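Coordinates in review
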Amino acid sequence: MTDRYENRRIPELLAPAGSVEMMRAVIGAGADAVYIGGTKFGARAYADNPDTDALCRAIDYAHLHGVSVHMTVNTLVKEREMGDLCEYLLPYYRCGVDAVLVQDLGVLSVIRRNFPDLAVHASTQMSVTGPAGIRMLREMGVRRVVFARELSLEEIREIRKETDMELEVFAHGALCVCYSGRCLMSSMLGGRSGNRGRCAQPCRLPYDLYLEGKKINPENERYLLSPKDLCTLDLLPQLIRAGADSLKIEGRMKKPSYAAGVTAVYRKYLDRIAEGRPWKVEQEDREALFALFNRDGFTDGYLTGNTAGMMAQKNLKLTSGNTASKAGEERLPEPEKLRAEARAVCRAGEPLTFTLTCRDSTARVTGDIPEEAQRQPVTEERIRQQLEKTGDTEFILESLLVDTDGKCFLPVSALNRLRRDGLKMLEEEILAPYRRDEEVSSVVSSDKENGSGSGEPVLEILAVTGEQIDAALREPAVGRIIAEWSALLGDGRDEASFVSECRKYGKEAWLALPMAVRGGASCGRKGIRIAGSGMLEKAAESGIDGFLARDLEGLAMLKEAGLADRTAADSSLYTTNREARKTIRQSARLGDTASFELTVHEMAELDNSGSSLCVYGAIPLMVTAQCPVRSCGGCLGKPGFSRLSDRKNHMFPVRRECAFCYNVIYNAVPLSLLTEMKEIRKMHFSSLRLMFAEENAEEVHRITESFAEAMRGGAPAPLSVYTKGHFRNGVE
């Protein structure tokens, strides 16, 4: 290419290691770095994750071959588990793991405090979508950000202009239809949490889409939540120009042959770019990737902004038979042996010496003192023969200089021992720079939380339509109205008129930021851009009492605008432990929202005096940039609801947020904790939230009055159909 990709260096090729076997294979295939999990806290709980000793040996193995190891600690951690975190990480820290990948902000805080020289990478589970979120993470000590997979090349380029943070981009493999870290579908429907590494993948099942009561998807297009696998082989030059520092291959749950095969293909073309050779993807390499694994073909995801044809139209079972055969599994690539140079000195009456050099490391060992031979001295050939037997070690002697006086009597065992000691010391010398001996504290937090809050909680309503706002204004028990920004935009209200109405009825006026704050294209079109538009400043000047942040980008933008004192965090900014809650509240000083994945007992372990609890509403199961309606015919360009029907005819409401260009898929059955209000009042939440979606004014009134009565100590009749979510039943 004529511009040499703007002189950017070739990105790191980061490969999956769902097992030690897979690690060896991808290193042999050319990976620069690998990511692997241990037995706890990893987002692939069902992978063949090695135990402590095996993982430490694997880390050493990678380091011997010059490959970095990123360890996944990228799940949400509950309060009772936090005490195990430092002890769990300590052996990997000591043996030199290069970085840890995290989702939980509490985990991030603990690692930065206890392991200050250990690099922390922000997982794609954090759904980082913009420069403000990156700046916030940098202040927290994060060294690298793994982007949300929904970002376009345009967005990546724009973000690169604003930061020198290391940026990691997914390049190949499975795509989630939901913003990563925002999915509760597996959790709510099957009791297996994707945020805890146990996703059951309900998105890969067939669904039908109904709009205004009419099914709109063809019968042969039912996999509406199942994207094809990502393939960016043709986009490598553009990714380099955009500023990606690391290209990530997904696949820890797949076969080692898959991971190695994909790694080898991407290695080939990255090397071509590095060498300045002509750029053209060969058809046989496309076919090789296709044969390894595909979901009804490949897609370039959201990178080019063209998402037409992104979703798979066939059952995965119909296209997974082309995975590698057992014969293929037996031909996994192996890393080349490390080439060492050696010199042995064997003189009668002097200690044997054996000096080895590999890369920048040198080891020198001494052995027995040979006597002068009376009859048959050991020959140079015999010395060489024994010392060159490197066996199953990672070394091969590229050259061996033997310096002998030809007079030594020496048993073979002495030479074997000399060789073993020398190779072991050489390995230790290579690994020495990675070792850390510092002691660390296992204290998680010195803050005491005892749930000592008092006073009656505020009853608040989250409204997504103008009709719901009007109904909420008329409810005397409601002290706070949180309006979706799109509800104001779509109802002809501006922020000032909304504030004025709330003041008139004696209520706080809050504004909910979009669930996904973006700076660019999604689904081929652009939603309203908040950053740099003056929207936040205008809303603040209108007198808005509080802002509800839904994602890291929104939270960071509010903080940078000087609005931390008027910011609260929604449940999607997870606070499942005290450390996370403390971190979030530094930027959201009005408090946080309890996670839907916590039980009553887990919530009771936290101080809830500054927290809100959602006690009613359709739980958002997914937030997705991929619009099902658009996939089935075209963008309507106007907000509203459709429905997804599963195999059991459950109907899941889908809200089109066209103002900001995303969709929210809700649970088919609303959450209701009406019968649990007596227990909830003991936990001293600062506010209780009613979340409305499709409800009309009459339903808003009826539901609000029921919860108001329960808060007064009454016993209203429960709803006819509802779920308690995980309030009583925990999640894996």
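It should be emphasised that the depicted structure is a prediction, and the values quoted were computed from it without experimental measurement.

With that settled, consider the overall build of the protein. A tally of regular secondary structure across the protein gives 23 helices and 33 strands. A compact globule built from 732 residues should have a C-alpha radius of gyration of about 27 Å, and the protein, at 30 Å, falls within 12% of that. Structurally, the protein occupies a C-alpha span of about 110 × 60 × 45 Å along its principal axes. Within the protein, the proportion of its 732 residues that are buried is 58%. Look at the contacts in the protein between residues 6 or more apart in sequence, and 71% of them connect residues 24 or more apart. As displayed, the protein offers around 29,300 Å² of accessible surface, 46% of which is attributable to carbon and sulfur atoms.

A few words now on the pairing of strand 14 (residues 353-358). Here strand 13 (residues 338-346) runs beside strand 14; their pairing, made up of five bridges, is antiparallel. Its bridge partner lying in strand 14, Arg343 is registered against Thr355. In textbook terms, the turn of a hairpin is the stretch between consecutive antiparallel strands, and for strand 13 and strand 14 this stretch comprises six residues, one of which, Gly349, has a positive phi near 85 degrees. Pairing geometry for strand 14 and strand 15 (residues 361-366), over six bridges, is antiparallel. Looking across to strand 15, one finds that Cys358 is bridged to Ser361. Once strand 14 ends, the chain turns through two residues before running back antiparallel as strand 15, passing Arg359 with a positive phi of about 55 degrees.

Here we come to the nonpolar core. Counting 199 residues, the largest nonpolar core has Leu137, Phe547 and Ile680 as the members making the most contacts within it. Residues within four places of Phe547 in sequence aside, it is in contact with Leu511, Leu513, Leu536, Ala539, Ala540, Leu558, Leu563, Arg566, Thr567 and Ala568.

What follows is about the sheet that holds strand 14. Taking strand neighbours across the sheet as the criterion, the four strands line up as 15-14-13-17 in an open arrangement whose pairing is mixed. Both outer strands of the open sheet, strand 15 and strand 17 (395-404), are each paired with one neighbouring strand and no more. Averaged over all neighbouring strand pairs, the angle between strand axes comes to 15 degrees, with direction disregarded. Most of the contacts of helix 12 (residues 380-387) go to strand 17, to which it runs at about 155 degrees, and overall it touches strand 13, strand 14 and strand 17.

Tallying each qualifying case throughout the model produces 58 salt bridges. Here Arg196 ties to Glu81 by a salt bridge, and the two come within 2.7 Å at their closest N and O atoms. Of this pair, Arg196 sits in the loop between helix 7 (185-190) and strand 8 (208-211) while Glu81 is found in the loop between strand 3 (68-73) and helix 3 (85-95), placing the two residues 115 residues apart along the sequence. Taking relative accessible area as the criterion, Glu81 reaches 21% and is therefore assigned partly exposed. Between Arg138 and Asp164 there is a salt bridge; the shortest N-O distance is 2.4 Å. With a gap of 26 residues between them, Arg138 in helix 5 (residues 131-139) and Asp164 in the loop between helix 6 (153-160) and strand 7 (166-173) connect regions that are remote in the sequence. Here Arg138 falls in the partly exposed class, since its relative accessible area comes to 42%. Salt bridges sharing common partners tie together Glu460, Arg480, Glu484, Glu508, Arg550, Asp570, Arg655, Glu657 and Arg689.

To continue, consider the confidence of the model for the protein. Detail in the predicted coordinates should be disregarded across regions flagged by low pLDDT. Chain-level statistics for the protein give a pLDDT mean of 91 and a share of 92% at 70 or above. Within the model, pLDDT remains below 50 along residues 446-452, and this stretch shows nine contacts once partners closer than five positions in the same chain are excluded. In this model, residues 521-525 is a region of pLDDT below 50 whose contacts with residues beyond four sequence positions or in other chains number 18 contacts.

Turning our eyes to something else, we now look at helix 14 (residues 466-473). Summarising burial for helix 14: six of the eight residues are buried, a large majority. Looking at helix 14, one finds that the buried residues are Gly466, Gln468, Ile469, Ala471, Ala472 and Leu473. Those residues of helix 14 hidden inside the fold are in contact with strand 19 (458-463), strand 20 (480-484), helix 15 (485-491), helix 16 (495-504) and helix 23 (697-711).

With that out of the way, let us pick up helix 10 (residues 283-292). All of the buried residues along helix 10 are Asp285, Leu289 and Leu292. Here the buried residues of helix 10 occupy an arc of 65 degrees about the axis, which is enough to place them on one side. Summarising the contacts, the buried residues of helix 10 are in contact with strand 7, strand 10 (229-231), helix 9 (256-275) and strand 12 (298-299).

Scanning the model with the defined rule gives eight aromatic pairs in all. For the pair Tyr616 and Phe692, a centre-to-centre distance of 5.7 Å together with 50 degrees between the ring planes defines the contact as tilted. Separated by 76 residues along the polypeptide, Tyr616 in strand 27 (residues 611-617) and Phe692 in the loop between strand 33 (687-691) and helix 23 bring together distant segments of the chain. Phe692 carries the same exposure label as Tyr616, and that label is buried. A network of ring pairs unites the aromatic residues Tyr616, Phe692 and Phe707 as a single cluster. The residue whose ring lies beneath Arg149 is Phe170, and the NZ or CZ to ring-centre distance is 4.1 Å. Between the NZ or CZ atom of Lys248 and the centre of the ring of Tyr35, over which it lies, the distance is 4.4 Å.

What follows deals with the sheet that holds strand 8. With antiparallel pairing, six strands are arranged side by side in an open sheet as 9-8-29-30-31-28. Two strands bound the open sheet, and with one partner strand each, they are strand 9 (214-215) and strand 28 (620-624). Judged from the four bridges that link them, strand 30 (residues 651-657) and strand 31 (residues 662-666) form a sheet pairing that is antiparallel. By the bridge assignment for strand 31, Val654 is matched with Ile665.

Quick notes on the rules
Residues take numbers from 1 onward in each chain, read along the sequence in its written order. Reporting of local features is limited, given that this is a predicted model, to residues whose pLDDT is at least 70; pairs of side-chain atoms are given and counted only at 80 or more, and all residues count toward the totals for whole chains, interfaces and linings. Only heavy atoms go into the side-chain values, all of them from the structure, while hydrogens and water stay out. Here a helix means four or more residues in a row that DSSP labels H or I, a strand means two or more in a row labelled E, and each is numbered from the N terminus. Here the globule rule is a power law, 2.2 Å times the number of residues to the power 0.38, and the radius of gyration is based on C-alpha atoms. Relative accessibility under 20% of the residue-type maximum defines a buried residue, over 50% an exposed one, and the middle range a partly exposed one, all with a 1.4 Å probe and only protein chains included. Whether two residues are in contact is decided by their heavy atoms: any pair within 4.5 Å suffices. Accessible surface area values rest on a Shrake-Rupley calculation with a 1.4 Å probe, where residue burial reflects the displayed protein chains alone. Two strands pair under a simple rule: DSSP has to find at least two bridges between them. For the purposes of this section, nonpolar cores are sets of buried Ala, Val, Leu, Ile, Met, Phe, Trp, Tyr and Cys residues that join through side-chain atoms within 4.5 Å. Axes, fitted as lines to C-alpha atoms, cover a helix only where it is in contact. Angles between the N-to-C directions of the axes lie from 0 to 180 degrees. Each reported salt bridge corresponds to a side-chain nitrogen of Lys or Arg within 4 Å of a carboxyl oxygen of Asp or Glu. The pLDDT value expresses, per residue, how confident the predictor is, ranging between 0 and 100. The directions considered for the arc are those from the helix axis to the C-beta atoms. Pairing of aromatic rings covers Phe, Tyr and Trp, the last counted by its six-membered ring, and requires centre-to-centre distances within 6.5 Å; plane angles under 30 degrees mean stacked, over 60 mean edge-to-face, and any other angle means tilted. Definition used: whenever NZ (Lys) or CZ (Arg) falls within 6 Å of the ring centre and also within 35 degrees of the ring normal, the charge is taken to sit over that ring.

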